[in-house]
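Structural overview
The primary structure of each chain is shown beneath.
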Amino acid sequence: MKNKKPLKQLFLAVALVFVTVGVSFGQCVIPITDDQPYIEDFEGDGFDCWSVDVSGGGSWSLLAGTNSTVVSFSYHNNEEEGRLISPIFDMSAVDGAIFSFSYAMMGFYTNDELEVAYRSSEDDDWHVLGVYSLSDYTNTYEETFTLDNLTSTYQVSFLGRGLGGMYIFVDNIEIASNSSCARPVSLQANDITATSALLSWSTTGNEESWTIELNGNVIDVDTQPYLLEDLRPQAEYTFRVRANCGEGDVSEWATPITFTTSRSEERRVGKEGRSR
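Before going into details, it helps to say that this report is about the structure given with it. Source: prediction; values computed, not measured.

Section: the overall build of the protein chain
Each helix and strand counted, the protein chain has zero helices and 23 strands in total. Counting the 276 residues in the protein chain, one finds 52% classified as buried. As displayed, the protein chain offers around 12,700 Å² of accessible surface, 44% of which is attributable to carbon and sulfur atoms.

Overview of the nonpolar core
The biggest cluster of nonpolar side chains holds 36 residues, and the ones touching the most others in it are W60, F99, L114 and F158. For this core, the secondary-structure elements that each account for two or more residues are β6 (59-64), β7 (69-74), β10 (97-106), β11 (113-119), β13 (139-147), β14 (155-161) and β15 (167-177). In terms of residue count, the dominant contributor to this core is β10 (five residues). In this structure F99 touches V116, L129, E143, T144, F145, L147, V156, F158, I173, E174 and I175, once residues within four positions along its chain are discounted.

Digging into unusual backbone geometry
Residue P225 is bonded to the preceding Q224 through a cis peptide linkage, with omega at 5 degrees. Looking at the element boundaries, P225 is found in the loop between β19 (217-221) and β20 (226-228). A positive phi angle, close to 55 degrees, is found at S186, a residue other than glycine. Even without being a glycine, N215 presents a positive backbone phi close to 50 degrees.

Considering the packing of aromatic side chains
Aromatic ring pairs are defined here through the distance separating the ring centres and the angle between the ring planes. Going through the model one piece at a time under the given rule, you end up with 18 aromatic pairs. Centre to centre, the rings of Y237 and F259 are 5.7 Å apart; their planes meet at 20 degrees, and the pair counts as stacked. Here F259 lies in strand β22 (residues 257-260) and Y237 lies in strand β21 (residues 236-244), a separation of 22 residues in the sequence. A relative accessible area of 3% places F259 in the buried class. Each member of the aromatic cluster is reached from another via a ring pair, and the members are F99, F101, Y103, Y132, Y141, F145 and F158.

Examining a negative patch on the surface
On the surface, a cluster of negative charge is made up of D34, D35, D95, E247 and D249. When you line up the elements, D95 lands in the loop between β9 (88-90) and β10. With a relative accessible area of 83%, D95 lands in the exposed category.

With respect to the sheet that holds strand β16 (residues 185-190)
Read across the sheet, three strands follow the order β16-β17-β20 without closing on themselves; strand pairing throughout is antiparallel. In this open sheet, the two strands that pair with only one neighbour each are β16 and β20. With direction set aside, neighbouring strand axes in the sheet form an average angle of 25 degrees. With four bridges joining them, β16 and strand β17 (residues 197-202) adopt antiparallel strand pairing. Residue pairing across strands places N190 opposite L198, the latter belonging to β17.

Quick word on the pairing of β16
Here β16 lies mainly inside the structure; six of its six residues are buried. Here β16 hands over to β17 after six residues, with D191 in that stretch at a positive phi of 50 degrees.

As for the pattern of salt bridges
Across all of its chains, the model carries five salt bridges by this definition. A salt bridge links R161 to E115; the nearest nitrogen and oxygen atoms lie 3.6 Å apart. Of this pair, R161 sits in strand β14 while E115 sits in strand β11, and the two are 46 residues apart along the sequence. Taken individually, R161 and E115 each receive the classification buried, so the pair is uniform in this respect. Counted as one network, the salt bridges with shared partners bring together E81, E113, E115 and R161.

The rules we used
- Residues numbered from 1 in each chain as written.
- Predicted model: local features only at pLDDT ≥ 70, side-chain atom pairs only at ≥ 80, totals over all residues.
- Heavy atoms only, no water.
- Helix = DSSP H or I, 4+ residues; strand = E, 2+ residues; numbered from the N terminus.
- Buried < 20%, exposed > 50% of the residue type's maximum accessible area, 1.4 Å probe, protein only.
- Areas by Shrake-Rupley, 256 points an atom, 1.4 Å probe, with all protein chains shown as cover.
- Core = buried A, V, L, I, M, F, W, Y, C linked by side-chain atoms within 4.5 Å.
- Contact = heavy atoms within 4.5 Å.
- Phe/Tyr/Trp six-rings, centres within 6.5 Å; stacked < 30°, edge-to-face > 60°.
- Patch = residues over 30% accessible without salt bridge, like charges linked within 9 Å, V, L, I, M, F, W, Y side chains within 5 Å.
- Salt bridge = Lys/Arg side-chain N within 4 Å of Asp/Glu carboxyl O.
- Lys, Arg positive; Asp, Glu negative; His and termini not counted.
- Charge placed at Lys NZ, Arg CZ, Asp CG, Glu CD.
- Pairing = 2+ DSSP bridges.
- Axes fitted to C-alpha atoms, helices over the stretch in contact; angles between N-to-C directions.

Listed below in structure tokens is the structure:
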């Protein structure tokens, strides 16, 4: 599934941390269970278990801004490629899994390409899940896939292909059992007026209720989209959502987004918030 949301307000002050590791089948093996998802936002030292294949001339590096950190594809000449390779995931304890991530791309002369793939072992070929090529400096996009052929030596990768664009960013990677309580993704705020907004999100589990946190206040709901009412005009609101799967089982919180109500009752169709 594909949804878009405004790009993080990053990079007022930017620092690059270049990855110098080469190709490796990983020194980290991360088990995925019904109770243990893998979530990577590239803050801290989480990048240590990732590797980069630089044989195609391109590379990936951490790009740190004032509010968050992403991984960024870079290259010098057109047609150069670089593959960002995940740690090994041991999927032997789960019957099925979901894989989600967010990305942003900006073209220049033309658009770069981002190819997302998986392999079940070091000797396996990379199997393409999706290829993306766009130019949008305003929004990030979020994708979710159901993974196949699960093994104890599973990996995913992001192949950047330089074709004249400006950047490719990747962030907020999650791999989880699809029988676990998975966090909602692709949060949006639409039909925004001075006093209301329609909140929606995508689900990857079978939960039937959710908890919304709006500016620190909690609302339990059993339907979505959910219409928020009695809001203040020209006010900024930040919301996030988590899934409630019963018997006290709840998901991680989704990545929050922010929206601003209008100054009048004129409705703004399709207005989306910015991620925090």
